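Structural characterization, general
Okay, here's what each chain looks like letter by letter:
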Amino acid sequence: MLLIGQCHCGNIAFELEWRGDPGAIPARACGCSFCVKHGGVWTSNPDSRLAVAIRDASLVSKYAFGTRTAVFYVCSRCGSVPLVTSEIENHLHAVVNVNMLENVDPASLLRTPASFDGEDTESRLARRARNWIADVSFREQP
Ligand SMILES: [Zn+2]
């Protein structure tokens, strides 16, 4: 199944080729200080493929904090946060925000709270390498 998502103004759009049961899309409400303020709820599937299209890169603010191992892509025009990336051993991993999805019945999402506060950086990166989307490509339109 192809999951389609974009920020509110469409500047940051993505297609996520979801392999596996689309009725079992996990949606993790992250409890970190940034996601609490933004209402970030994330999904990923290590077997999926993510293609991100950015219309105007000058309107994308990349935000990192804390361990600075994750980069939040914030649309500086509409304020949405469609994705997060983490570079682990020279490989880019990502999760996407389920609130950006346009073709998924919200009732089909498996919502769970998630807290990763107790993790050290090493176990955090190992978890992302296991669970996050491992096939990520970007297209920036001129
Ligand atoms: Zn936007």
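Reference entry: report on the structure contained in this document.

Assigned secondary structure in the chain consists of 2 helices and 11 strands. In the chain, the order of α-helices and β-strands from amino to carboxyl end is β-β-β-α-β-β-β-β-β-β-β-α-β. Its C-alpha atoms give the chain a radius of gyration of 14 Å, within 12% of the compact-globule value 14 Å for 142 residues. Each of the three principal axes of the chain carries a C-alpha extent, and together these read 40 × 35 × 30 Å. Across the 142 residues of the chain, 43% fall into the buried class. Taking the contacts inside the chain whose residues are at least 6 apart along the sequence as the reference set, 66% of them involve residues at least 24 apart. Accessible surface computed for the chain: about 7,400 Å², of which carbon and sulfur atoms make up 50%. One way to put it: in the chain the 14 positive side-chain charges average out to a point 5 Å from where the 15 negative ones average out.

A word on the coordination of the zinc ion. Those donors, Cys-7 (SG), Cys-9 (SG), Cys-75 (SG) and Cys-78 (SG), are the protein atoms that reach the zinc ion, and they lie 2.3 to 2.4 Å from it. Its 4 donor atoms give the zinc ion angles of 102 to 117° at the centre, a pattern that matches the tetrahedral case. Cys-7 gets classed as buried once you look at its relative accessible area, which sits at 1%. Here Cys-78 falls in the partly exposed class, since its relative accessible area comes to 28%.

This paragraph deals with the nonpolar core. Ranked by internal contacts, the top residues of the largest apolar core, which has 25 residues, are Leu-3, Ile-12, Phe-14, Leu-16, Leu-50, Val-52 and Val-96. Elements supplying a minimum of two residues to this core: β2 (12–17), β3 (25–30), β5 (49–54), β7 (71–75) and β9 (91–97). Contact partners of Leu-16, with chain neighbours within four places excluded, come to Met-1, Leu-2, Leu-3, Ser-48, Arg-49, Leu-50, Val-96 and Ile-133. Listed in part, the 12 residues of the second largest apolar core include Phe-34, Val-74, Val-84 and Val-95.

This part takes up the pairing of β7. Of all the 5 residues making up β7, 4 are buried; the element is thus mostly covered by neighbouring parts of the structure. Pairing of strand β6 (residues 60–63) with β7, which is carried by 4 bridges, proceeds in the antiparallel orientation. Counted as the bridge partner of Ser-61 is Val-74 from β7. Where β7 lies against strand β8 (residues 83–88), 3 bridges are found, and the strand directions are antiparallel. When the sheet's bridge partners are listed, Val-71 is paired in β8 with Thr-85.

Mapped onto the elements, Ile-54 comes out in strand β5. The spatial distance from the C-alpha of Ile-54 to the C-alpha of Glu-140 is 4.7 Å, given a sequence separation of 86 residues. In this structure Ile-54 touches Asn-11, Ile-12, Val-60, Phe-138, Arg-139, Glu-140 and Gln-141, once residues within four positions along its chain are discounted.

Definitions and limits used
- Starting from 1, residues in each chain are numbered consecutively following that chain's sequence as written.
- Since the coordinates come from a predicted model, pLDDT governs what is reported: local features require at least 70, and pairs of side-chain atoms require 80 or more to be given and counted, while whole-chain, interface and lining totals use all residues.
- With hydrogens and water excluded, all non-hydrogen atoms of the structure serve as input to the side-chain values.
- Strands here mean DSSP runs of E at least two residues long; helices mean DSSP runs of H or I at least four residues long; both are numbered from the N terminus.
- To get the radius of gyration, use the C-alpha atoms; to get the globule rule, take the number of residues to the power 0.38 and multiply by 2.2 Å.
- Whether a residue is buried, partly exposed or exposed follows from its accessible area with a 1.4 Å probe, protein chains only, as a fraction of its type maximum: under 20%, in between, or over 50%, in that order.
- Residue contacts follow a heavy-atom distance rule, with two residues in contact if any of their heavy atoms lie within 4.5 Å.
- In short, Shrake-Rupley with a 1.4 Å probe defines the accessible areas, and a residue's cover is counted only from the protein chains shown.
- Working convention for charge: Lys and Arg count positive, Asp and Glu count negative, and His plus the chain ends are omitted.
- Positions of charges follow a simple convention, taking NZ of Lys, CZ of Arg, CG of Asp or CD of Glu.
- Metal coordination here is assigned from N, O and S atoms located within 2.8 Å of the ion, or within 3.2 Å for Na, K and Ca; omission of water means that sites may look incomplete.
- In this scheme the shape depends on donor count and angles: four donors with every angle between 85 and 135 degrees give tetrahedral, four or six donors with opposite pairs above 155 degrees and others between 65 and 115 give square planar or octahedral in turn, and any other case is irregular.
- Buried residues of nine kinds, namely Ala, Val, Leu, Ile, Met, Phe, Trp, Tyr and Cys, make up a nonpolar core once their side-chain atoms join them within 4.5 Å.
- What makes two strands pair is DSSP finding at least two bridges between them.

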